[in-house]
Amino acid sequence: MATAAPRRKLLGWIGIDAGVLLVSLFPVFWILMLALKAPATVSDGRIIPSKFSFENFKGIFNESIFTKALLNSIGIAVIATIIAVVLAAMAAYAIARLDFPGKTLILTAALAIAMFPPISIVGPLYDMWRSLGLYDTWPGLIIPYMTFTLPLAIYTMSAFFREIPWELEQAAQVDGATPFQAFTRVIAPLAAPGIFTTAILVFIFAWNDFVFANSLTSTPSGAQTVPAALSSFSGTSQFQVPTGSIAAAAVVVTVPIIIIVMFFQRRIVAGLTAGAVKG
Amino acid sequence: MSAVTAERTASDSAPAKKRPLSERAKAERKLGWMLCAPAVIVMLAVTAYPIGYSVFLSLQRADLRFPGRNAFIGLDNYVSVLSSSRWWQDVLHTVLITVVSVSFELVIGMLLALVMHRALVGRGLVRTSALIPYGIVTVVAAFAWRLAFSKAEGGFVPSVLHLSYDPLGKTWTTYLVAILAEIWKTTPFMALLLLAGLALVPDELHEAAKVDGATAWQRFWRITIPLMKPAILVALLFRTLDAFRIFDSVFIITGSTHVRSVETLSILGYNELLNRLNLGLGSAVSVLLFIMVAFIAFLFVKGFGTSMASQRGEG
């Protein structure tokens, strides 16, 4: 029994939703269409390809440049995420739960570090990494990634941990659980969502990095990640315009992000806002 | 007695204690420090040390092409940087991009936050689709915009609009593309921070004002905005600092032509360090950028300190 007014309101909202969808997704749609053009027609200025083709995708997967860079991206982002989350979980637990001087200082320092321009440390790192042999290696990127992954993880996780009802741990022990059981059966399940959400955010940030990757790596067989490789792509031969390959590679690195966002939208929203506003 | 008071003031959130620390409290402190130590040590090692080294390099003549000529030269690098027109031109570019994009993001982000908050249908869909620009790799987003606008690379925009020139060949249109790309990419983040603030505004206030005859417009300005002030300030602070160090998108968007028509401070630093291999001058640029970012943060915190402290303190 929808009357005219609510129906109009509903239609209005549908219109607004459609607008948001169009604006947010059009550039992604465009790069996908570009990737699906036949290599010869990539620069024809059309939005929809005149003929759909998977040539660009076949092209990049046949080139070791891209597959190696993809492997670097995945490996480096995963390792950086694990290290940051483990170190930050300990710190966040202490900050949320224990009483000790200096915890505000730690949070403030983390925030300050998250805000400084990465370019400020690129010069020294470049100089040090060349003499230490870390230039263009996985550790050479994972170490600087700690500058943004750790503060982000500490911040987000301590906000999540603060919401956990820690009394439950004691309650479980009163009910006869051992401290180990109390931790694994009560606290760990409560803390897991926050840790997982933090890991997603940290992974996205590490996956996204360009400043460090572009400055501290040079080859896909070394540690060059996809964003850095994309910017130095030059096609299979120097006469071929690499636009199609760039678009295809761009689509490939976007797919995991779209999947993550689709499945974990709620968590990502909670994580970003918890770290930023409540933190 | 004074030692106890000192300890008490040093401790952050502890409720006032009358007695000296018990064994238990001491053990708790020790555990707290031990748990934080690895993260703190790593953070210091990866940031404080390189920043210190950067300051050191900025006082040296350190050109990797002429390693034999390294020497301490005091503030000469800073004098060279600050007296070059290139630096000031890049300051202008960076400030312009920051101010224009953050202003638009605040307005559009607020609208998007209201949609995310109030939408009757498709709330999840809107949130998911808005998160995609934020989540995708900045370099990819920048390529999407560059390849759409570049005439030389066959973008659809010049052909749809029948442009006779390449938008990425002119300074002002390059600005436009860079700013549009930045707004598109980061407005969702702004919107999410504002959404968190919006959720804290109690519905009852709106209902009460409605009963008293306030229009939606009045309610927004008199109720929503004042209550959201802390969230707005945090969002502005985060985005301003982030925009000021902009690198990825401008680097990619201006990469289609040989001359970068728009260069930001981060790109200037990068070029000095890694293309011209002049670590001294490049470090001076990065240290100056660092100081500017710290100064912006200081202004924000100083100007709005109390409202932010209450938001991010131990509460």
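Just so it is clear, the model here is predicted, and its values are computed rather than measured. (Residues numbered from 1 in each chain as written. Chains lettered and ligands numbered in written order. Predicted model: local features only at pLDDT ≥ 70, side-chain atom pairs only at ≥ 80, totals over all residues.)

Topic: the overall build of chain B
The line we're drawing: Runs of H or I in DSSP of at least four residues are treated as helices and runs of E of at least two as strands, each being numbered from the N terminus. Buried, partly exposed and exposed are defined by the number of other C-beta atoms within 10 Å of a residue's own C-beta, namely 20 or more, between the two limits, and 12 or fewer respectively, with C-beta atoms placed from the backbone. Each residue gets a C-beta atom placed from its backbone, and two residues are in contact if those atoms lie within 7 Å.
Of the regular secondary structure elements, chain B holds 13 helices and two strands. Looking at chain B as a whole, 42% of its 315 residues qualify as buried. Within chain B, counting contacts between residues at least 6 apart in sequence, those at least 24 apart form 68% of the total.

So, the overall build of chain A
The criterion, for reference: The atom set for the radius of gyration is the C-alpha atoms, and the globule formula is 2.2 Å times the number of residues raised to the power 0.38.
Check the secondary structure of chain A and you find 11 helices and zero strands. Reading the helices (α) and strands (β) of chain A from amino to carboxyl end gives α-α-α-α-α-α-α-α-α-α-α. At 23 Å, chain A has a C-alpha radius of gyration far larger than the 19 Å of a compact globule built from 279 residues. Taken over the C-alpha atoms alone, chain A extends approximately 75 × 70 × 35 Å along its principal axes. Here chain A holds 279 residues, and the buried ones make up 49% of them.

Topic: the interface of chain A and chain B
To keep it simple, the criterion reads: Under the scheme applied, nonpolar residues are Ala, Val, Leu, Ile, Met, Phe, Trp, Tyr, Cys and Pro; charged residues are Asp, Glu, Lys and Arg; polar residues are all the others, including Gly.
Every contact between the two is made by 84 residues of chain A and, on the other side, 89 residues of chain B. For the side of chain A that touches chain B, a count of residues per class yields 62 nonpolar, 15 polar and seven charged.

What about the packing of helix 3 (residues 64-97) of chain A against helix 2 (residues 23-58) of chain B?
Note the threshold: Only the stretch in contact is used when a helix axis is fitted, and all axes are lines through C-alpha atoms; the angle between N-to-C directions ranges over 0 to 180 degrees. Between 65 and 115 degrees an angle is taken as roughly perpendicular, under 35 as roughly parallel, over 145 as roughly antiparallel, and anywhere else as oblique. Rotating anticlockwise by less than a right angle from the far helix to the near helix defines a left-handed crossing, while the corresponding clockwise rotation defines a right-handed one.
The geometry of helix 3 of chain A relative to helix 2 of chain B is characterised by a closest axis approach of 8 Å and an angle of 140 degrees between their N-to-C directions. Classed by the angle they form, the pair helix 3 of chain A and helix 2 of chain B counts as oblique. Crossing angle aside, the handedness with which helix 3 of chain A passes helix 2 of chain B is left-handed. Across the interface between the two elements, A:L87, A:A88, A:M90, A:A91, A:Y93 and A:A94 from helix 3 of chain A touch B:L31, B:G32, B:L35, B:C36, B:P38, B:A39 and B:V42 from helix 2 of chain B. A class-by-class count of the residues in the contact of helix 3 of chain A with helix 2 of chain B yields 12 nonpolar, one polar and no charged.

Details of the confidence of the model for chain A
To keep things clear, this is the line we draw: On a range of 0 to 100, pLDDT expresses the predictor's confidence in each residue.
Confidence in the prediction for chain A averages 88 pLDDT; 94% of positions are at 70 or higher. Segment residues 235-239 of chain A is flagged for pLDDT under 50; beyond a separation of four residues in sequence, or across chains, it makes five contacts in the model.

Section: helix 6 (residues 138-149) of chain B
All names here are of chain B. For the record, the criterion: Expected helix span is taken as 1.5 Å per residue step, with the number of steps being one fewer than the number of residues.
Between its terminal C-alpha atoms helix 6 stretches 17 Å, which fits the 16 Å expected from 12 residues at 1.5 Å a residue. Of all 12 residues that make up helix 6, 12 are buried, and the element is covered over most of its length. Residues of helix 6 that are buried include every one of T138, V139, V140, A141, A142, F143, A144, W145, R146, L147, A148 and F149, and no others.

So, the nonpolar core
We count it as follows: Buried Ala, Val, Leu, Ile, Met, Phe, Trp, Tyr and Cys residues whose C-beta atoms connect them within 7 Å together make up a nonpolar core.
Residues A:A88, A:A91, B:F143 and B:L194 are the most contacted members of the largest nonpolar core, which totals 167 residues. Among the elements that line this core, the one with the most residues is helix 3 of chain A, at 18 residues. Not counting the four nearest positions on each side in its chain, A:A91 is found in contact with A:I106, A:I154, B:L35, B:C36 and B:A39.

Notes on the packing of helix 3 of chain A against helix 6 (residues 138-162) of chain A
Residues and elements named next belong to chain A. One can describe the packing of helix 3 onto helix 6 by two numbers: an axis separation of 6 Å at closest approach and a directional angle of 35 degrees. Along this stretch, helix 3 crosses helix 6, giving a crossing that reads as right-handed. Of the residues assigned to the contact of helix 3 with helix 6, the class counts are 23 nonpolar, four polar and two charged.

Regarding helix 8 (residues 171-198) of chain B
All names here are of chain B. Short version of the rule: The seven residues ending at a residue and the seven starting there each receive a fitted axis; the angle between those axes is the bend at that residue.
If you check helix 8, its first and last C-alpha atoms are 38 Å apart, about what 28 residues at 1.5 Å a residue would give, namely 40 Å. Along its length, helix 8 shows its largest kink, about 40 degrees, at T186, and proline P188 lies within four residues downstream of that point. By the criterion of burial, helix 8 is predominantly enclosed, with 21 of the 28 residues buried.

Looking at the confidence of the model for chain B
Residue and element names in this part refer to chain B. In the predicted model, chain B carries a mean pLDDT of 85, and 89% of its residues have values of at least 70. Here residues 1-17 is a poorly scored stretch, pLDDT under 50, and it has 13 contacts once near neighbours within four places are set aside; other chains count. Below pLDDT 50 for its whole length, residues 308-315 participates in 12 contacts with residues either more than four positions away or in separate chains. Scored as a complex, the prediction yields pTM 0.88 and ipTM 0.90.

Quick look at the environment of A:S218
Residues and elements named next belong to chain A. Looking at the secondary structure, you find S218 in the loop between helix 9 (211-216) and helix 10 (226-232). Judged by the 14 C-beta atoms lying within 10 Å of it, S218 falls in the partly exposed class. Expressed as a C-alpha distance, the spacing of S218 and S232, which sit 14 residues apart in the sequence, is 9.3 Å. If we skip the residues at most four places from it in the chain, S218 touches D136 and Q224.

Notes on unusual backbone geometry
Residue A:D136 is not a glycine yet carries a positive backbone phi of 65 degrees. As for its position among the elements, A:D136 is in the loop between helix 5 (119-132) and helix 6. The class of A:D136 is partly exposed, set by 18 C-beta atoms lying within 10 Å. Notably, B:L277 is not glycine yet its phi reads approximately 55 degrees, a positive angle. Relative to the helices and strands, B:L277 is located in the loop between helix 12 (265-275) and helix 13 (279-312).

As for the environment of B:A209
Residues and elements named next belong to chain B. One can find A209 in helix 9 (residues 203-211). Measuring from C-alpha to C-alpha, the distance between A209 and I223 comes to 8.7 Å, with 14 residues separating the pair along the chain. Apart from residues no more than four positions distant in its own chain, A209 is found in contact with A214, R219 and I223.

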